[in-house]
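Each chain, written out:
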Amino acid sequence: MANAPPFAKWSSVVVATVLMAAPYAVSAAQPLDSNKPATAIVDSDIRQEETLSRTEAGKVITAIDRTRENIGTVRKTTKLDTVDIVFLTDAARSEGGPPPAIENKVKQHKDDVAELRQEIEANALLFNAIDSRRVQAEDVLAVEFDNPGRIVIYAAAKPPK
């Protein structure tokens with residue numbers, strides 16, 4: 001080690017120090033002593049609404065048409081003031097799924113909708129928001145960003161009891 005470069009001399013000391021300190025490091029991402037870790041991650045107002053798909057069909061279809069644009073926004077989203085989850089109760093799988101107009105639009109954009117669902121699952125904030133209301137990503141039909149700090153998630157599901 002006498003002729004070793006300076007980095008080689010100190011690298012083992014640095015690695016040992018990091019390994020010894022790691023168990024004592026504090027993680028700010030998700031406090032383990034909290035009863036509500038999803039709330040700590042989301043830190044947004046999560047609201048839910050129940051409605052029928054025929055009532056919201058126009059908004060849902062428009063949002064599905066904009067899925068390609070919204071994928072990038074979902075990917076970049078790290079903070080939201082409000083997450084609105086709209087349960088389209090008559091479109092749940094237990095009710096036979098979405099009505100034909102919405103189902104056809106989902107099929108027309110199936111690759112984009114599949115990518116949107118993957119991005120939601122990969123986004124800690126959005127995943128924990130839907131998970132807190134027991135919505136599976138595969139039930140998400142579309143999302144809509146109607147103003148900064150707010151997202152509307154349309155789900156073909158029934159709310160938890």
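Refer to the structure presented above.
In short, a report on the structure. The structure presented is a predicted model; accordingly, all values stated were derived computationally and were not measured.

Cut-offs used in this document
- Residues numbered from 1 in each chain as written.
- Predicted model: local features only at pLDDT ≥ 70, side-chain atom pairs only at ≥ 80, totals over all residues.
- Heavy atoms only, no water.
- Pairing = 2+ DSSP bridges.
- Helix = DSSP H or I, 4+ residues; strand = E, 2+ residues; numbered from the N terminus.
- Axes fitted to C-alpha atoms, helices over the stretch in contact; angles between N-to-C directions.
- Buried < 20%, exposed > 50% of the residue type's maximum accessible area, 1.4 Å probe, protein only.
- Arc of directions from axis to C-beta.
- Contact = heavy atoms within 4.5 Å.
- Salt bridge = Lys/Arg side-chain N within 4 Å of Asp/Glu carboxyl O.
- Core = buried A, V, L, I, M, F, W, Y, C linked by side-chain atoms within 4.5 Å.
- Bend = angle between axes of the 7 residues up to and from the residue.
- Parallel < 35°, antiparallel > 145°, perpendicular 65-115°, else oblique.
- Left-handed = near helix turned anticlockwise from the far one by under 90°.
- Nonpolar A, V, L, I, M, F, W, Y, C, P; charged D, E, K, R; others polar.

## A short note on the sheet that holds strand β2 (residues 82–88)
So, point 1. The strand order across the open sheet formed by four strands is β1-β2-β4-β3, and the pairing between neighbours is mixed. Two strands close off the open sheet at either side, each with one partner strand: β1 (45–51) and β3 (140–147). The average angle at which neighbouring strand axes cross in this sheet is 20°, direction not considered.
So, point 2. Where β3 and strand β4 (residues 150–155) come together, five bridges link them in antiparallel fashion. Counterpart to Asn147 in the pairing with β4 is Arg150.

## Topic: helix α5 (residues 100–108)
So, point 1. Residues of α5 that are buried: Ile102, Lys105 and Val106. Buried residues of α5, seen end-on, are gathered within an arc of 100° and therefore sit on one face of the element. Exposed residues on α5 whose side chains face more than 90 degrees from its buried face are Pro100, Lys107 and Gln108.
So, point 2. Looking at the buried side of α5, the elements it contacts are α3 (53–65), α6 (110–122) and β3.

## Looking at the pattern of salt bridges
So, point 1. In this structure the tally under the stated criterion is 14 salt bridges.
So, point 2. Asp65 serves as the salt-bridge partner of Lys105, at 3.1 Å between the closest nitrogen and oxygen. With Lys105 in helix α5 and Asp65 in helix α3, the pair connects residues that are 40 residues apart, well separated along the chain.
So, point 3. Salt-bridge contacts for Asp81 lead to Lys79; the nearest nitrogen and oxygen are separated by 3.9 Å.
So, point 4. Note on Lys79: relative accessible area 57%, which makes it exposed.
So, point 5. Counted as one network, the salt bridges with shared partners bring together Arg68, Arg75, Asp112, Glu115 and Glu119.

## Some points on unusual backbone geometry
So, point 1. Of note, Arg134 is a non-glycine position whose phi angle comes to about 60°, a positive value.
So, point 2. Residue position: Arg134 is located in the loop between α7 (124–132) and β3.

## Describing the environment of Glu121
So, point 1. The topology assignment puts Glu121 in helix α6.
So, point 2. Since its relative accessible area comes to 48%, Glu121 is described here as partly exposed.
So, point 3. The spatial distance from the C-alpha of Glu121 to the C-alpha of Gln136 is 9.1 Å, given a sequence separation of 15 residues.
So, point 4. For Glu121, the contacting residues outside a window of four places in its chain are Phe127 and Ala137.

## Description of the nonpolar core
So, point 1. Counting residues in each nonpolar core, the largest one holds 21 residues, and the members touching the most others are Val83, Ile120, Leu126, Ile130, Val143 and Ile153.
So, point 2. Contributing elements (two or more residues each) for this core: α4 (67–76), β2, α6, α7, β3 and β4.
So, point 3. Apart from residues lying up to four places away in sequence, Ile130 is in contact with Ile85, Ile120, Val135, Gln136, Ala137, Val140 and Ile153.
So, point 4. Within the second largest apolar cluster, 14 residues are counted, among which are Leu88, Ala91, Val113 and Leu141.

## Here we look at α3
So, point 1. A bend of about 35° at Lys59 is the largest found in α3.
So, point 2. Of all the positions in α3, only Ser53, Glu56, Val60, Ala63 and Ile64 are classed as buried.

## A few points about the packing of α4 against α6
So, point 1. Contact geometry of α4 with α6 gives a least axis separation of 9 Å together with a crossing angle of 15°. The orientation of α4 with respect to α6, classified from their angle, is roughly parallel. For α4 against α6, the interelement crossing comes out left-handed. For the pair α4 and α6, the contacting residues are Thr67, Arg68, Ile71, Val74 and Arg75 in the first and Asp112, Val113, Glu115, Leu116, Glu119 and Ile120 in the second.
So, point 2. For the contact of α4 with α6, the class distribution of residues is five nonpolar, one polar and five charged.

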